[in-house]
Every structure is written in C-alpha cells, then in structure tokens.
Amino acid sequence: MKNVVIGDIHGCAAEFEGLLDRVIDRVGSSGLRVRLVGDLLTKGPDPAGVVRTITRCRELDLDLHAVCGNHDLRLYAAMARVRRGLPAARLPRVERETIERLADDDAFEAAWSLLTETVDRITTTAGSATVMHAGIRPGLGISGTSPHDLVHLKARDGESPWWDDYEGTDGLLVVGHKPMGEPLRIVRDGRPIVVNVDTGCAAGGRLTAYIVEDDAFVSVEARRAPRATPAITIEAIAVSTPRPSRLAV
Ligand SMILES: [Mn+2]
C-alpha cells in the first residue's frame, strides 16, 4: 500500500497525467491511494482534462480524491451562480475563463460534481499523514484550526509561515497552497513533520507528488512558459476564429 499526495494542479492536465504515469511506474497502481491537495481547475490551460483524468482514474478503481482548496471554493461559488442563470460575464476573470473552458469541452457538469464533493472535504489522510490545502494554527492543532484557515492560511509579507511554529504534535502534515521553488520537507527528530508539494506548476514550475511511505518526491516540469503577455503573431490572428461560448451570457 502506497499513499501519494499531489500538489496544486491548477488546470495543468498534461502534467497531472505525466506525473501519475511516473508515480505508477515507480510504485505500481495496486493498492495505490492518491490524494490531491486541492486547487484543481483554475488558472491552467486544461481544466476539463483534469476532470477527465480524475474520472478515468476512478473508473480504473484507483482510490483518488482531493481536499478543498481556496480556488476550488471560489470556482464552486462561481459555477453555482452560473447554474442559477446569472451571467458569466460578471464573474471574476479567472473563474470566468475556467468556466468557459469547461463549458467548451462539455465538462461543466462533471466539474460541478467533482467540486461539490471536494469542497466538503477539508482534510483527509494519506497513510500516516494528514492532508489539507493550506495548513494549521500550530497552537490550536488540526482539531482547533477553523475550516477556513485549513483551506486559506497563508503568511503575509514579513510574517513567518505556520510551519515555523509547528512541533509535530499532529504528526506529518502534507499541504500545498504556497508555491515554492523546491518542495518543502521539514524534519524533526529524524522524521518529516511538514511537507509542501506546491511547486507552482501553473506558473511554469513543476507538479510534484510526495510518496508518504518512501518519504520521496517525484516531479514533472510544467509544459508551458509562465503566463505572460501572449506572443500574438499575425499568423495566429489570421487563423483564429472566435467561437461563441456555450455559456448563457
Ligand atoms: Mn491555494
């Protein structure tokens, strides 16, 4: 039995599939449990691909689920508005673009059911580790930290991150939410007590998995450059034909 925790996917479907392949090559799929730290769909190029990959994994009987990320909550709220008939045009840009991509790929309803399930799961376990999106308040422990903080906690500029004060009382905690150049692994008394698997895939970094029993990381590089000003060429303009969104606006 192996437990694997995968970082913030943010709509990077190709990297997600590539990383799952690498993990399965290494540990096999039999008895594999995959946990996702949340922030599944927004920002990246292919949210529908992420939904399809999750669906396919489950059809193959892979035990896979996600905890709720702050972006999952935001997208869920935006999709709830669209389902009630409110115009998508008034949504914040990030959510609107993600919803348009999902709708264009006929994945709106599948994404809705995935998020409906995900937003209710604030923490989960991965073997001996506990997984949440953002972190805990060390003085309060997991049980005393509010669901909002478990999903949103982030150090402001000049503040130290929560894990600086964590002494390991709740065992190994695996989180995402805070993109870092390298995955974070904090060790106390010879064993890991905090792991952060967010290596900024949607911003051109990497997508990272942590194999709990092996205490090891597996990563794949992001396949695209960081989102910047798009390099519009005359050729690209000439071949692009605007397609109407399937969303009611
Ligand atoms: Mn986040």
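Residue indices begin from 1 for each chain and proceed along its sequence in written order. With pLDDT at 70 or above as the cut-off, local features in this predicted model cover only qualifying residues; side-chain atom pairs require 80 or more to be listed or tallied, and sums for whole chains, interfaces and linings still use all residues.

*Asks:* I would appreciate a short explanation of helix α2 (residues 47-59) in the present structure.
*Replies:* Since one α-helical turn is 3.6 residues long, residues separated by three or four positions face the same way. The numbering of helices and of strands both runs from the N terminus, where a helix is a DSSP run of H or I of at least 4 residues and a strand a run of E of at least 2. Expected span of a helix, by definition, is 1.5 Å for each gap between consecutive residues, and there is one gap fewer than residues. Between the first and last C-alpha of α2 there are 19 Å, a value that for 13 residues agrees with the 18 Å anticipated at 1.5 Å per step. Residues with at least 20 other C-beta atoms within 10 Å of their own are called buried, those with 12 or fewer are called exposed, and the rest are partly exposed. The C-beta atoms themselves are positioned from the backbone. Considered for burial, the residues of α2 that qualify are P47, A48, G49, V50, V51 and I54. In this description, any two residues whose backbone-derived C-beta atoms lie within 7 Å of each other are considered to be in contact. The inward-facing, buried residues of α2 abut α1 (13-27), β3 (63-66), α4 (93-104) and α5 (108-118).

*Asks:* Whenever I open this one, the pairing of strand β5 (residues 129-132) confuses me. Can you help?
*Replies:* For a regular strand, side-chain orientation follows a simple rule: the groups alternate between the two sheet faces. In terms of strand pairing, strand β4 (residues 123-126) meets β5 through four bridges, oriented antiparallel. Residue pairing in the sheet places T124 in a bridge with V131 of β5. Two strands qualify as a pair provided that DSSP identifies no fewer than 2 bridges between them. Across two bridges, the pairing between β5 and strand β6 (residues 173-175) is parallel. Of the residues in β6, the one forming a bridge with V131 is V174.

*Asks:* Looking at this structure, I do not really get the environment of C12. What am I missing?
*Replies:* Mapped onto the fold, C12 is located in the loop between β1 (2-6) and α1. On a C-alpha basis, the gap between C12 and P47 in space is 7.0 Å, while along the polypeptide they are 35 residues apart.

*Asks:* So what exactly am I meant to see when it comes to the environment of V131 here?
*Replies:* Along the chain, V131 turns up in strand β5. Considering only alpha carbons, one finds V131 and L173, 42 residues apart in sequence, at a separation of 5.8 Å. What V131 contacts, discounting residues up to four positions off in sequence, is V5, R35, V37, V67, T123, T124, T125, A126 and V174.

*Asks:* Help me understand the sheet that holds strand β10 (residues 216-221), please; the structure alone is not making it clear to me.
*Replies:* The strands making up a sheet are joined through hydrogen bonds of the backbone, oriented either antiparallel or parallel. Read from one edge of the open sheet, five strands run β3-β2-β1-β9-β10, paired in mixed fashion. The open sheet has two edge strands with one neighbour each: β3 and β10. If you compare each strand with its neighbour and ignore which way they point, the axes differ by 20° on average. Summarising the sheet, β1 and strand β9 (residues 206-211) pair through three bridges and their orientation is antiparallel. Looking at the pairing, I6 lines up with A209 of β9. Where α1 meets the sheet, it contacts β1, β2 (32-36), β9 and β10, and its direction lies at approximately 145° from that of β10. Axis lines are fitted through C-alpha atoms, for helices just across the contact stretch, and the angle between N-to-C directions can take any value from 0 to 180 degrees.

*Asks:* For this particular structure, what's the right way to read the confidence of the model for the protein chain?
*Replies:* The predicted coordinates should not be examined in detail at positions where pLDDT is low. Overall, the prediction assigns the protein chain a mean pLDDT of 91, with 90% of residues at 70 or greater. Summary of the metric used: pLDDT quantifies the predictor's per-residue confidence within the range 0 to 100. In the predicted structure, residues 227-249 sits below a pLDDT of 50 and forms 15 contacts with residues beyond four places in sequence or in another chain.

*Asks:* Is there a simple way to explain the nonpolar core in this structure?
*Replies:* In globular proteins that are soluble, nonpolar side chains generally tend to be buried together. If you look at the biggest cluster of nonpolar residues, it comprises 64 residues, and the most contacted ones within it are V5, I6, I9, L19, V174 and A209. Residue contributions to this core peak at six residues, all from α1. Other than its neighbours up to four places away in sequence, V5 contacts R35, V37, A126, A129, V131, V174, V197, A209, Y210 and V212. Joining buried Ala, Val, Leu, Ile, Met, Phe, Trp, Tyr and Cys residues through C-beta atoms within 7 Å gives a set, and that set is a nonpolar core.

*Asks:* What am I meant to see in the pairing of β2 here?
*Replies:* Sheet topology places β1 next to β2; five bridges connect them, and they run parallel. If you follow V4 over to β2, its bridge partner there is V34. Look down the strands so they point away from you; if going from the first strand over the helix to the second traces a clockwise path, that crossover is right-handed. Handedness of the β-α-β unit built from β1, α1 and β2 comes out right-handed. Looking at chain direction, β2 and β3 are connected through four bridges and run parallel. Across the sheet, residue L36 finds its bridge partner in β3, namely A66. This β-α-β element, β2 to α2 to β3, shows right-handed connectivity.

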